[in-house]
Every structure is written in structure tokens, then in C-alpha cells.
Amino acid sequence: MSETLTITIDGKECVCEKGEFLYDVAKRNGIFIPVLCRSDAFADHRACCRVCIVEMEDRGWRKVVTACVYPVEKECAFYTQSEKIKEERAVVMALLAHRAPESDRIGQMAKFFGGEEGFERLVSVDGEKCILCGLCVQACDSLGTGAISTVNRGTEKEVDTPYGNPSSSCVGCLSCANVCPTGAIEYQEDETTRTIWNRAFERAYCESCGKPMGTKESVAFAAKQAGVEESRMCDECRKRALADEMMKTYRYV
Amino acid sequence: MTEVDQTSTIREIIENYPADRRYALAAMQDMQRRFNYIPEDGLEMLSERLGCPKAQLYAMATFYKALSLKPKGQHIIKICNGTACHLRGSVNLATELKRDLGIDPGETTADGMFSVEYVNCLGSCALSPVMVVDGTYYNKLRVDQIPGILESYSATKPEDVTNHD
């Protein structure tokens, strides 16, 4: 058992373990900290959207930290709604809103956190939705596919497959699109095919109930990763089939 | 260079290093030196050897300015565009090169002889404006000297040119 600390967040006393990320402590105690580039699916976070900034006070010294990746190491106070934070968060939201003007979520957040008025001099990036947080790349890497990455740098940086070609590593699982906080990754879908990152995939359906199960490639990839035989039924149907079989086998036991 | 040659050269470069991800950059630099660019096959083979996604290597190759994914010319002309050179008219050098070769910085001539690029500072500010062709420095350059310099390089046949390390 590691050491426990008592910290205050917005005046509320919270108990946490040493080294725990501030965001997790706040969430457990019902204190809201806005985030964009964070997904609970991963253990490590990158804090590049900067929306999760909070102010920390220790022995009279104050500094701004990102709650997502700030490990609580000693007993101190945090403020999520101080004047300084409100002001800085407004700037962050204004910058994000001009980076990704097409994203509804960013637009709403900018409005809510005061990132709309007073920033008229900023120039918007036309038709952009992506804030380059890299969550999609992290998702793709963590699955073991590693089909996309951030390419180029500076103002030309973007997320893409190598050479912008259809990637042979991509399985069309939509993890990147689902994890994206701004809905920037586009895909098309009809009855038989799903197209993402310029590549068309054949969709897979459960043989028993007909429920969609992603793409043929993603089903095969998942089976290969897990070291099991490729399933043709969805989880529910497979469980039911297994139960039925057990019933038959052990009926007279 | 034939395709078979290229493949075996790439293999040679890659197998110089242990199969560990931290050697990715070193191997890519070697490829850059050897071919003046990184061929797609090179990325493919390197990703197989190191067991890391091709996308990650592609990200590195696009991040570093020293690495190129497009074939470069036989001769690489670098125009210094650092503060001192910029003030002393490096843009005029680029304009003159555009007049002679028909290409802007970042491009390669159709015959594959010359590539022109801007670099940020060569550290020779006292000699500005500076232009470097295949590692040879031309100092305090005047625009009217450029056609002569290009002439001297055009004369060399591609066969005579080996890699300039």
C-alpha cells in the first residue's frame, strides 16, 4: 500500500494515493475538469490540448499545471476555477476554436469557457476539425496496428497513413474515429463496405443474429492478437451457443 | 542503379545495425546519404527488421528536414537563408537559380541534375550570402557568379558523381 495524501481541490478535502494523477482524484470526488485529449482507455496521457489546466498552491507559491498528467506528490491545494485559470482556459479554447473551427464540440466549449469574445484578431484554419492531439495515433498503436502517424511538422503537421496511401496495416476498426474528441476522422459506411483512410473494407455481420461486428479484417486481426480462432458470431450469440452446448452435454448428469 | 542493386544496398545498410528501434534514425540517415533520399522499399524493409510500424518511420522521415522521401538531384544546392544571408540577398540567389534551372527551393530539376533547398543557417554569417553545392561553400556570392558555378557541375557526368559524404 502506497502512501496516502490529503489534498484540497477547490476547498474540498480529497484523499488520494501518492503519485496519482490529479484528474483522477478530482473525478473521483465529483470535481469537474474539462478535457479533450484524454481517454480513460489509456494509462498514459499527453496533455497537449491544455484544456485541463488547474492552479496549484504550495507554501504560498502558485503555478499552473495540467491535471491530466500531474502526479500528486505532496499535500497541497488546487484550484480549478481561479481567475487565472478562467483567463488562461479562455485563451486555450480560443486558440483551439480557431485551429478547428469546423468542430461542434470545440465550438460549444469555446463558448462555454469564454473563448469567443475578444479573440477576433485570430485567424481560423479553414475547414479544419483536427486539433492534432494524437489520440488516434495512440489508439492505433495500442491496438498493435500502427497504421497512422503524425506526418510533417509545424503548420503542415497532420495525421495520415504513410504516403497518404491505403495502409496494409489498417483493419478498419474505427478506433481512431471513435477516440477522436472532435470527430475529425471521416469514414463512409454502407451495407457492405466501410471506407476509412482511403481503403475500403468488407463489413462483417454475426452469422446468427445479423448484428454488425466491424470489418472482416478487424475480426481476423482481433482473433490473431488473442490467439484464438476467428469467430463468425458476435459475443452474445457465441455465449448463447456455448451455453446451449453445455446444456445438451450435461443434461443427464 | 537497378532495382536489385537498390534492394541489396538497402539490406546492407539495415543489417549494419542491430534489430532495435533506436537505430531507426541512424539507418535512415545512411539511406539518405547513399541514395539522396529514402526509398519507400527502404522504409518497408526497415520496419520489418525493427518490428516497428511503417507509419512511425514515415513520421520520423517527414519530421526531420535532413531526411527526404522524394528523390533528390545529383547535385544539391543549399541556399543559406539565415538572418545575415537573408539580409544580404539570399532571395536573389534563389531567383537567379529559378531563372537558370527553372525550379524553386524544395524542387528538383526534371533531368535529375540539381535540387535546390533553403537551409536556415550554415554558421558562416561573416561570409554571407552563402551557397553550398555538394558540400562546397561559395562565399560572398554575387548573382552573376551563379551561372558559372552551375556550368561547372553540369559538366560532370552522372557516372562520375559518387556520394558526397
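Owing to the predicted nature of the structure, the values given are computational and were not obtained by experimental measurement.

A.B. asks: Describe the overall build of chain B, naming the residues involved and giving the relevant values.
C.D. replies: The secondary structure content of chain B amounts to seven helices and four strands. Ordered by position from the N terminus, the helices and strands of chain B form the series α-α-α-α-β-α-α-β-β-β-α. Viewed in the frame of its principal axes, chain B has a C-alpha envelope of about 50 × 35 × 20 Å. When burial is assessed residue by residue, chain B has 30% of its 165 residues classed as buried. Summarising the internal contacts of chain B: among those between residues at least 6 apart in sequence, 63% fall at separations of at least 24.

A.B. asks: Requested: an account of the environment of Glu87(A), with residues and values cited.
C.D. replies: Along the chain, Glu87(A) falls in helix α2 (residues 83–99). When the C-alpha atoms of Glu87(A) and Val25(A) are compared, they prove to be 24 Å apart, with 62 residues separating the residues in sequence.

A.B. asks: How would you summarise the sheet that holds strand β4 (residues 136–138) of chain B if you had to cite specific residues and measurements?
C.D. replies: Residues and elements named next belong to chain B. Read from one edge to the other, the open sheet built from four strands follows the order β2-β1-β3-β4, with strand pairing classed as mixed. Where the open sheet ends on each side, the last strands, each with one partner, are β2 (114–119) and β4. Strand-to-strand twist in this sheet, taken as the mean axis angle between neighbours without regard to direction, amounts to 20 degrees. Strands β1 (75–80), β2 and β3 (131–133) of the sheet are contacted by helix α6 (residues 90–101), whose axis makes an angle of about 150 degrees with β1.

A.B. asks: Describe the packing of α2(A) against helix α3 (residues 104–112) of chain A, naming the residues involved and giving the relevant values.
C.D. replies: Residues and elements named next belong to chain A. As a packed pair, α2 and α3 sit with axes 9 Å apart at the nearest point and diverge in direction by 150 degrees. Between α2 and α3, the angle is such that the two are roughly antiparallel. Crossing of α2 against α3: the hand is left-handed. Touching Met93, Ala94, Leu96 and Ala97 of α2 are Ile106, Gly107, Met109 and Ala110, all from α3. Taken together, the residues of the contact of α2 with α3 break down into seven nonpolar, one polar and no charged.

A.B. asks: If you had to explain the interface of chain B and chain A to someone new, which residues and values would you point to?
C.D. replies: Contact with chain B, which involves 10 residues of that partner, is made by 12 residues of chain A. Broken down by secondary-structure element, the contributors of at least two residues to the side of chain B that touches chain A are α3 (40–50) and α4 (54–63) of chain B. In terms of residue count, the dominant contributor to the side of chain B that touches chain A is α4(B) (seven residues). In the side of chain B that touches chain A, the residues fall into six nonpolar, two polar and two charged.

A.B. asks: Can you tell me about the nonpolar core, naming the residues and giving the values?
C.D. replies: Judged by nonpolar contacts, the single largest core of 70 residues is most densely connected at Leu22(A), Leu96(A), Cys136(A) and Ile148(A). Once you skip the residues sitting within four places of it in the chain, Ile148(A) turns out to touch Cys136(A), Val137(A), Cys140(A), Val159(A), Asp160(A), Thr161(A), Cys176(A), Trp197(A) and Ala55(B). Formed by 14 residues, the second largest nonpolar core is a distinct cluster that contains Ile77(B), Leu97(B), Val130(B) and Ile146(B).

A.B. asks: Talk me through the domain arrangement of chain B; I want residue IDs and the actual numbers.
C.D. replies: As assigned here, chain B comprises domain 1 (3–63) and domain 2 (75–160). Look at where the C-alpha atoms of domain 1 of chain B and domain 2 of chain B centre, and you get two points 29 Å apart.

A.B. asks: Describe the domain arrangement of chain A, with residues and values.
C.D. replies: Residues and elements named next belong to chain A. The domains assigned to chain A are domain 1 (4–112) and domain 2 (135–247). One C-alpha centre belongs to domain 1, the other to domain 2, and the line joining them spans 31 Å. Each partner contributes residues to the interface: domain 1 has eight residues there, and domain 2 has eight residues.

A.B. asks: Provide a residue-level description of the environment of Val171(A), including the pertinent values.
C.D. replies: Residues and elements named next belong to chain A. As for its position among the elements, valine 171 is in the loop between β7 (158–160) and α5 (175–179). Between the C-alpha atom of valine 171 and that of isoleucine 131, which follows or precedes it by 40 residues, the distance is 24 Å. Leaving out residues up to four positions away in the same chain, valine 171 has contacts with Thr145, Thr215, Glu217, Ser218 and Phe221.

A.B. asks: Tell me about the sheet that holds strand β4 (residues 61–66) of chain A, and please be specific about residues and values.
C.D. replies: Residues and elements named next belong to chain A. Pairing within the open sheet is mixed, and its five strands lie in the order β2-β1-β5-β3-β4. Lying at the two open borders of the sheet, with one neighbouring strand each, are β2 (12–17) and β4. Direction aside, the axes of adjacent strands within the sheet are offset by 35 degrees on average. When strand β1 (residues 4–9) meets β2, the two strands line up antiparallel, connected through six bridges. Across the sheet, threonine 8 pairs through a bridge with glutamate 13, a residue of β2.

Reading guide: rules and limits
- Residues numbered from 1 in each chain as written.
- Chains lettered and ligands numbered in written order.
- Predicted model: local features only at pLDDT ≥ 70, side-chain atom pairs only at ≥ 80, totals over all residues.
- Helix = DSSP H or I, 4+ residues; strand = E, 2+ residues; numbered from the N terminus.
- Buried ≥ 20, exposed ≤ 12 C-beta atoms within 10 Å, placed from the backbone.
- Contact = placed C-beta atoms within 7 Å.
- Pairing = 2+ DSSP bridges.
- Axes fitted to C-alpha atoms, helices over the stretch in contact; angles between N-to-C directions.
- Parallel < 35°, antiparallel > 145°, perpendicular 65-115°, else oblique.
- Left-handed = near helix turned anticlockwise from the far one by under 90°.
- Nonpolar A, V, L, I, M, F, W, Y, C, P; charged D, E, K, R; others polar.
- Core = buried A, V, L, I, M, F, W, Y, C linked by C-beta atoms within 7 Å.
- Domains from an automatic or database assignment.

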